[in-house]
Amino acid sequence: MTLGELIFIFLLFVTFCGALTTVIARSLIYALVGLVATMFGIAGLYIYLNAPFIAMMQILIYVGAVAILIVFAIMLAGPFYKKPTEWSKVTKFLVSLIIALFTYLLFMRIILHSFLGGQDTAFMITTKDIGRSLFDKLTFPFELVSLLIVVSIIGALMLAIFSKDRK
Amino acid sequence: MVRETLEEIKKELAGVEAIEASYAEKGYHLAIAIDKGSLIKVVEYFDRKGFYLEDLLCVDYVEYLELVYFFNTYHTLCRVKVALKLEPEKPSAPTISHIYTIAHWYEREIHEFFGVYFEGHPYLIYLFLHDGIDFYPLRKNKIPVSEEAKGLLNSFKPEEEEDSFLVNLGPQHPSTHGVLRVVLKMDGEYIVHADPVLGYLHRMQEKMAENRNYSQFLPNPARIDYPGALLLNLAHVAAVEKLCGIEVPERAQYVRTITCELNRIASHLLWLGAFPADLGALTPFLYAFDDRENILDILEAITGSRLTYCYFRFGGLYNDVDDNFIEGTKRFIKRMRERLLMYEKFVTKNVIFINRVTGIGILKPEVARKYGCTGPTIRGSGILYDIRKVEPYAAYNRIDFRIPGGETGDCMDRYMVRMAEMEICLNIIEEAVKNLPSGPYKTDKVPKKLKPPQGDLFHAVESSRGEAGVYIVSDGSDVPYRMRWRVPSYSNLMTFPYLSQGLLIADAIAVLGSYDIVVPEIDR
Amino acid sequence: MERLTDIIALVGEETVRAIAGLIGVLIVVVVNAILLTWAERKVAGHMQRRIGPKEVGPYGLIQPFADTFKLLAKELLVPKDVAKPLYHLAPILIFIPVLVSFIVIPFDAQLQVKDINMGILVILAFSSLSVFSILIAGWGSHNKYSLIGAVRSVAQNIAYEIPLLLSLLAVIFMANSFSLKDIVEAQKGLWFVFYQPIAFLIFFVAGVAETNRTPFDLPEAESELVAGFHTEYSSMQFALFFLAEYTNIFIVSAIATTFFLGGYSGPVLPGIIWFFVKTYGLVFVILWFRWTFPRVRFDQLLNFSWKILIPLSFINLLVTGGILKI
């Protein structure tokens, strides 16, 4: 076993453990710590795949922004958080089964039909390539996404303003 | 004013017994004796007429208890004593806390110390004595506290509700200036409700006074208000002098004025250090202490102590001032004037400071009256009420000075008033030093054992925080029968629950800092 | 000497470089923190008309060591009811971004642990971890003051990370690289602070806010929240938070130096001296702020970022992009 393989196994381990904690943990904040560990593991895998830019973006966005927003939400609800009514074990099992199957099928489909399928060498993506594809090939979807974000920001602002008025 | 009030009372409040009292002997103008039934009517009358509740206290005369309400106005001096006699067995009286908000706390205090039950009071729990009491401490006889009353006293249990949580601001907190505790009910960073909890520094000074003679009590006032020790020392000394009819020589009056004003500046400097520190600026603290050090040096040379002064004696002073004192004071005035300009440049004009204090904690004059606020706190709201002007003591009537005032009554105004006051204090000192007469510094006619004649007396001085008054009941012996301290921080602080409502925690700290509260004074 | 080259040949140059780098970084972190605690006291002292430490060692230079030993020797008090794993994880976690950031900072033309072409992204990405650790410190402490401090910290971080990124982006446009070394090399002619004065100011203000220093020290505002998120920490755990804070000040100043003040470039003196002179100059300014300004209020802090800094940095970015294209 080479050093590289060892690192790979370690990253897998971190990702997997993090994911498991996220799902199993009873406390929200521990689940979040698990999620952050997963994100770091995935970022490590990206670096392993020679895509440092995506790895850094993964950390910057998922740890720096998404995870922190989630904590923020948890903390705002925190001291007065009431536990929702528990589901029965059977319902829990069924729901998780459905979600797992759905995700599995989705991923299988993507992997089987992926344009990367069949290549066995690691791919090289530079920031330049990403920028080019975002602004040349995929301009329309990119703009569409930004529009979606603008709409959601405005929506959030409206919600905040109206809920403030109500108080 | 007094005559008119008397006639009006006779006209409007039929059946109420009102007589004019001798102000020179008693310290109040009108004495009104009422019964339980007419209390609300009388209090409502005074509220209508724009009086503020100066003090509310209780005296145990063994055969009966007497509730004493002092009313006064902010524009002219017209002190009215309203006395209500109560049964010693299970005493009770109607509450006036819905008319004068400050009575809420005064009544709690009386309930705790005398066992007077106030009908209709919403929250009659302990104020000072946390550990629970077995006997009412200020009653002359040993009256045990009934189980029922104990349950009522100890019913303080703040509870969290949905959408809010409790934060204990203090008793160990950097910006409560001592051991004040405020229970804050918060919604996120916003304060929903604040409830001051007192008593962490309670030493029962009023009971102490009943156990020692007048001169033995001399050092105690300094422990009530430590930053302004001389000012309270003067309140006690002047009250006893008035009670015994002791004349004070002119030179002593002038020296009293000078030292009191020096002490006032020292007290304001302490506040000037603490207030920006509450807002996060730590440097002014050391600059202000540097200046304060100069005053302490000057006062140390003549009084012998640096903080808890006891310099005034009945009929004069402990010792005379010398040329060093005069020179030192003159040098200090010169230096302080320059320093005030510097403070204005560095603190008053700081953009962040201005944004933090303008428009925060606006105290409207009408609200201030309901709480009986005094001192710079109400002068910031535009009520130019100063005991030194309306009821001059020491040499204040021989010196011309102006009373600074604010307009909106926010933290900035209270800050500006204190800054202006320091400058005016310097002018007063300068003039008093210039006119300092020669002559004896104390009278020789003071007996060793003071035995004032029977009677009562209220005397007030302007301390650095507002009106500090002392009410003495004498039974003819050398020990006061009852000594009651009316302290300014008490009524000023109680506006905090009102002002802090809906404020951010940072603003609430600014408001708390702008009162310049002294916890030992509140707790006594 | 021969044996040294043998060893290097044996384990590979990369590994030796990595280990040497790690040791070097640790030394810099510790020495810097010690120097800064001393500097902070001296600066504070002289600004407040007093002398500051002077008893322990010449000019009180040994004072920080004495303090460190004192902290090390103290008992590690863990309050009741804390969430233990989180409570103990936080002070360790806050140190990771600090160490990682040092890897990419070029102290001199040759003195850099590793020149990664994503340099600045590494620092920015990992800096988010420090907020995360403040959060779990606040949460794990089981204290309301800590919690309020932590919540403030997040809101502040979200608000100031954006202008920080945008102001750096303007420089990245000009240098056309993410690598810190390339950015320094691009300033051989004229420092970027002259091309990008607005970006420099925005970065510096946002940087002070990100490091939780006065006037933006709301997460640990002592007059409001006692000590904020580290209220319940004692002994070495407290020292770690302290160390991280001072190192963060250094890192922000170092990035500002690298991006705007020409990094290690300068005449006559060797590069490393120039780098430290510039960096500590900026550090001094940050210390200066602390002893002259009161603290801003929470809403003022957020308004300042959302209403002034962010629009300004966007405009700056647009103008920079436009000028570069023309």
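The model shown is predicted, which means the values in this text are computed figures rather than measured ones.

1. Quick look at the domain arrangement of chain B
Residue and element names in this part refer to chain B.
Phase 1: Splitting chain B by domain gives domain 1 (2-153) and domain 2 (218-446).
Phase 2: Relative to domain 2, the C-alpha centre of domain 1 lies at a distance of 31 Å.
Phase 3: Contact with domain 1, which involves 11 residues of that partner, is made by nine residues of domain 2.
Phase 4: Classifying every residue of the side of domain 1 that touches domain 2 by side-chain character gives six nonpolar, four polar and one charged.

2. Points about the domain arrangement of chain C
Residue and element names in this part refer to chain C.
Phase 1: For chain C, the assigned domains read domain 1 (1-73) and domain 2 (76-325).
Phase 2: Taking only C-alpha atoms into account, the centre of domain 1 sits 20 Å from that of domain 2.
Phase 3: With 17 residues of domain 1 at the contact, the number on the domain 2 side is 20 residues.
Phase 4: No other element matches helix α2 (residues 13-47), which puts 13 residues into the side of domain 1 that touches domain 2.
Phase 5: Split into classes, the residues belonging to the side of domain 1 that touches domain 2 amount to 11 nonpolar, five polar and one charged.

3. Examining the environment of E421 of chain B
All names here are of chain B.
Phase 1: Among the secondary structure elements, E421 is positioned in helix α16 (residues 411-434).
Phase 2: Along the primary structure E421 and L6 are separated by 415 residues, whereas in three dimensions their C-alpha atoms are 35 Å apart.
Phase 3: What E421 contacts, discounting residues up to four positions off in sequence, is H268, P376 and P404.

4. What about the packing of helix α11 (residues 323-348) of chain B against α16 of chain B?
Residue and element names in this part refer to chain B.
Phase 1: Taken N-terminus to C-terminus, the directions of α11 and α16 make an angle of 165°; their axes are 10 Å apart at the nearest point. Between α11 and α16, the angle is such that the two are roughly antiparallel. Crossing of α11 against α16: the hand is left-handed. Across from I326, T329, K330, I333, M336, R337, L340 and T348 in α11, the residues of α16 making contact are M419, M422, E423, L426, I429, E430 and V433.
Phase 2: The residue makeup of the contact of α11 with α16, split by class, is nine nonpolar, two polar and four charged.

5. Focus: the sheet that holds strand β10 (residues 190-197) of chain B
All names here are of chain B.
Phase 1: Read from one edge of the open sheet, three strands run β8-β9-β10, paired in antiparallel fashion. A strand with exactly one partner marks an edge of an open sheet, and here the two such strands are β8 (165-169) and β10. For this sheet, the mean angle separating the axes of adjacent strands, direction not counted, is 25°.
Phase 2: Sheet topology note: the strand β9 (residues 181-187)/β10 ladder contains seven bridges and is antiparallel. Paired with R181 across the bridge in β10 is V197.

6. Topic: the nonpolar core
Phase 1: Among the nonpolar cores identified, the biggest contains 273 residues, and V36, M39, I59 and A67 of chain A, L234 of chain B together with F132 of chain C are the most heavily contacted of them.
Phase 2: Non-local contacts of V36 of chain A, meaning those with residues more than four positions away in its chain, are made with V63 and A67 of chain A together with F132 of chain C.

Scoring rules and cut-offs
Residues numbered from 1 in each chain as written. Chains lettered and ligands numbered in written order. Predicted model: local features only at pLDDT ≥ 70, side-chain atom pairs only at ≥ 80, totals over all residues. Domains from an automatic or database assignment. Contact = placed C-beta atoms within 7 Å. Nonpolar A, V, L, I, M, F, W, Y, C, P; charged D, E, K, R; others polar. Helix = DSSP H or I, 4+ residues; strand = E, 2+ residues; numbered from the N terminus. Axes fitted to C-alpha atoms, helices over the stretch in contact; angles between N-to-C directions. Parallel < 35°, antiparallel > 145°, perpendicular 65-115°, else oblique. Left-handed = near helix turned anticlockwise from the far one by under 90°. Pairing = 2+ DSSP bridges. Core = buried A, V, L, I, M, F, W, Y, C linked by C-beta atoms within 7 Å. Buried ≥ 20, exposed ≤ 12 C-beta atoms within 10 Å, placed from the backbone.

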